[in-house]
Amino acid sequence: MAFRLIHASDLHLGRRFANIPQPPDGNIRGRLMEARHASISRIAKVAHDRNAKHILLAGDTFDTATPSDSVVRQALTAMGENADIHWWLLPGNHDNLKDAEPLWETITRDAPANVHALADASAVELAPKIFLFPCPVAFRSSGRDLTANLMDIPATKGALRIGLAHGGVVDLPTAVLTFRPTETVAPGSIILRLATGTDVSKSAIAHIIAAAPNRIGSSMDGAVSA
Amino acid sequence: MTLEGPGAPPTVEEVETGAFLWINTELPLLPNTDCARALEAVLPDEGRRDILIRVRATGWASLQQQADLRQAAARLGPDFAHFDFDTNMLGTTYDDADLDDIDKAGALRLAANRLKEGTESETLSAEERAVSAGALARLYAYVKEAAE
């Protein structure tokens, strides 16, 4: 039984693009902001077209810790439009748990039933024997590998485990070694590390790019993005 | 991403969901490059309104080439959602023909000569040389603009 999911990240909703010059009679900043919001429905359409029931957003869904009410509510409403598709929102560095505490409270309290805040590291069973292990960002720059604890989680035989984290894989060889599917602590299991900013790997470990560039010169140059 | 089960490699399909294209591109120049044509060659032909691009000019170009380049950038830039033209990494070559363009003789030519010496000076700091180079390029541009 195949399990299909959509992995996206860094929507940076509400970003103002103040660094992009705009002529007095122009509207590029508004167009970019609107494109960010519109990415929600585009991602939902991808999920719908491919019959994926789960969308994993690996951090920085919001650009700041204090997005305006309209940015938050309009985003949650857009995600709620298709109740069959579940959105899982992980705190990133921009919308980290400490700075954005009210934001995550709002999402937990007010979001439609199919939109879920991953505000702590508790495992979530997405489907029978398919577990999601979120690694939420607690502080803007904690300086430590939030995925480090994943390997200490006892394996459940026959279970499929998905680690969800925000940020680049800075040490790929180590990551590959650490997440080898024959890893002794997890016989028969696989951990997928979904991270931004690295190459797609067709190995047993999936390092997936799913980021939207915010400035030219970022590691995501060339990516088509909102 | 599709997961077939524990231990099986996942199948990954990349799906574009963006509306804008962000590009960072380099424009390597040589003293004999046709700068305007070279710039046009690195720019995408289609969809410019939805493209944010930074062009970083590198290498060496004469004052005349740099004036051509600036003119081309000013003409083509407004096609794009955002156009950032960076010449900080572009070195300037000076030849007498360029200085002749400023003036064959007289006060402007004297000033140009002094600035050229400044750019080549071994006693000035790199920062001071850069100031001379910037001033000379500006002087050249002003004279060219006034002549047109």
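That block above? That's the structure.
Residues numbered from 1 in each chain as written. Chains lettered and ligands numbered in written order. Predicted model: local features only at pLDDT ≥ 70, side-chain atom pairs only at ≥ 80, totals over all residues. Heavy atoms only, no water.

Trainee: So what's going on with the overall build of chain B? Which residues, and what values?
Mentor: For chain B, the count of helices and strands is five helices and five strands. Start at the N end of chain B and walk to the C end: the helices and strands fall as β-β-α-β-α-β-β-α-α-α. Across the 148 residues of chain B, 41% fall into the buried class. For chain B, contacts bridging at least 24 residues in sequence account for 73% of all contacts bridging at least 6. Of the roughly 8300 Å² that chain B leaves accessible, carbon and sulfur atoms contribute 49%. (Helix = DSSP H or I, 4+ residues; strand = E, 2+ residues; numbered from the N terminus. Buried < 20%, exposed > 50% of the residue type's maximum accessible area, 1.4 Å probe, protein only. Contact = heavy atoms within 4.5 Å. Areas by Shrake-Rupley, 256 points an atom, 1.4 Å probe, with all protein chains shown as cover.)

Trainee: How would you explain the packing of aromatic side chains if you had to name every residue and give the values?
Mentor: Residue and element names in this part refer to chain B. This structure, assessed with the given rule, holds three aromatic pairs over all chains. Ring geometry for Phe83 against Phe85: centres 6.2 Å apart, planes inclined by 15°, an arrangement best described as stacked. On the basis of relative accessibility, which here comes to 18%, the residue Phe83 falls in the buried class. Through a chain of ring-to-ring contacts, three or more aromatic side chains come together here, namely Phe80, Phe83 and Phe85. (Phe/Tyr/Trp six-rings, centres within 6.5 Å; stacked < 30°, edge-to-face > 60°.)

Trainee: An account of the packing of helix α2 (residues 63–76) of chain B against helix α5 (residues 126–147) of chain B is requested, with residue identities and associated values reported.
Mentor: Residues and elements named next belong to chain B. At their nearest, the axes of α2 and α5 sit 10 Å apart, and the two run at 65° to each other. When the axis of α2 is compared with that of α5, the two are roughly perpendicular. Considering only the axes of α2 and α5, their crossing is right-handed. Where α2 approaches α5, its residues Leu63, Gln64, Ala67 and Arg70 are matched on the opposing element by Leu136, Ala137, Tyr140, Ala141 and Lys144. Here the contact of α2 with α5 is composed, by residue class, of six nonpolar, one polar and two charged. (Axes fitted to C-alpha atoms, helices over the stretch in contact; angles between N-to-C directions. Parallel < 35°, antiparallel > 145°, perpendicular 65-115°, else oblique. Left-handed = near helix turned anticlockwise from the far one by under 90°. Nonpolar A, V, L, I, M, F, W, Y, C, P; charged D, E, K, R; others polar.)

Trainee: Could you give me a rundown of the nonpolar core, with the residues and numbers involved?
Mentor: Ranked by size, the top nonpolar core spans 28 residues in total, and within it Ile40, Ile55, Leu57, Trp87, Leu89 and Ile107 of chain A carry the most contacts. Those elements giving two or more residues to this core turn out to be β1 (3–8), α1 (28–49), β2 (54–57), α2 (69–80), β3 (86–89) and α3 (101–110) of chain A. In this structure, Leu27, Cys35, Val55 and Ala57 of chain B belong to the second largest nonpolar core, which totals 19 residues. (Core = buried A, V, L, I, M, F, W, Y, C linked by side-chain atoms within 4.5 Å.)

Trainee: I'd like to hear about the environment of Tyr140 of chain B, residue by residue, with values.
Mentor: Residue and element names in this part refer to chain B. Along the chain, Tyr140 falls in helix α5. The exposure class assigned to Tyr140 is buried, which follows from its relative accessible area of 1%. For the pair formed by Tyr140 and Leu99, sequence separation is 41 residues and the distance between their alpha carbons is 8.0 Å.

Trainee: Which residues make up the pattern of salt bridges, and what values do they have?
Mentor: Evaluated as defined, the whole model comprises 13 salt bridges over all chains. The closest approach of N and O atoms between Arg37 of chain B and Asp34 of chain B, which form a salt bridge, is 3.9 Å. Asp100 of chain B is the partner of Arg109 of chain B in a salt bridge, and the nearest nitrogen-oxygen pair spans 2.6 Å. Exposure remark for Arg109 of chain B: the relative accessible area of 12% places this residue in the buried category. Residues joined by salt bridges that share partners form a network here, namely Arg73, Arg109 and Asp110 of chain A. (Salt bridge = Lys/Arg side-chain N within 4 Å of Asp/Glu carboxyl O.)

Trainee: With reference to specific residues and values, describe the packing of helix α1 (residues 35–42) of chain B against α2 of chain B.
Mentor: Residues and elements named next belong to chain B. Remark: α1 packs on α2, axes separated minimally by 8 Å, with the N-to-C direction vectors making an angle of 40°. One element, α1, and the other, α2, form an angle in the oblique class. Helix-helix and strand crossings are classified by hand; for α1 and α2 the assignment is right-handed. Judged by residue contacts, Cys35, Ala36, Leu39 and Glu40 of α1 engage Gln65, Leu69, Ala72, Ala73, Arg75 and Leu76 from α2. When its residues are assigned to classes, the contact of α1 with α2 shows seven nonpolar, one polar and two charged.

Trainee: Help me get a handle on helix α4 (residues 107–120) of chain B, residues and values and all.
Mentor: Residues and elements named next belong to chain B. For α4, built from 14 residues, the straight-helix expectation of 20 Å at 1.5 Å per residue is met to within 8% by its first-to-last C-alpha distance of 20 Å. Within the sequence span of α4, burial applies to Arg109, Ala112, Lys116, Gly118 and Thr119. Those residues of α4 that are buried lie in contact with α3 (96–102) and α5. (Expected span 1.5 Å × (residues − 1).)

Trainee: Can you lay out the sheet that holds β2 of chain A for me, pointing to particular residues and giving the numbers?
Mentor: Pairing in this open sheet of five strands is mixed, and the strands run β4(A)-β3(A)-β2(A)-β1(A)-β1(B) from one edge to the other. The open sheet has two free edges, formed respectively by β4 (115–117) of chain A together with β1 (2–3) of chain B, since each of these has just one partner strand. As paired strands, β2 of chain A and β3 of chain A are joined by four bridges and run parallel to one another. Within β3 of chain A, the position partnered with Leu56 of chain A by the bridge is Trp88 of chain A. Packed on one face of the sheet, α1 of chain A meets β1, β2 and β3 of chain A and runs near 160° to β1 of chain A. (Pairing = 2+ DSSP bridges.)

Trainee: Outline α2 of chain A, supporting the account with residue identities and numerical values.
Mentor: Residue and element names in this part refer to chain A. Here α2 is 12 residues long and its end C-alpha atoms lie 16 Å apart, about the 16 Å a rise of 1.5 Å per residue gives. The set of residues buried in α2 consists of Val72, Ala75, Leu76, Ala78 and Met79. Around the axis of α2, the buried residues are gathered within 160° of arc, so they sit on the same side. In this structure, the buried side of α2 is in contact with α1, β2, β3, α3 and β4. (Arc of directions from axis to C-beta.)

Trainee: If you had to explain unusual backbone geometry to someone new, which residues and values would you point to?
Mentor: Residue and element names in this part refer to chain A. Even without being glycine, His12 reaches a positive phi, approximately 50°. Within the secondary structure layout, His12 lies in the loop between β1 and α1. Residue classification places His12 among the buried residues on the basis of a relative accessible area of 1%. Not every positive phi belongs to a glycine, and Asn51 is a case in point at roughly 60°.

Functional significance is not addressed by these values, which are geometric in nature.
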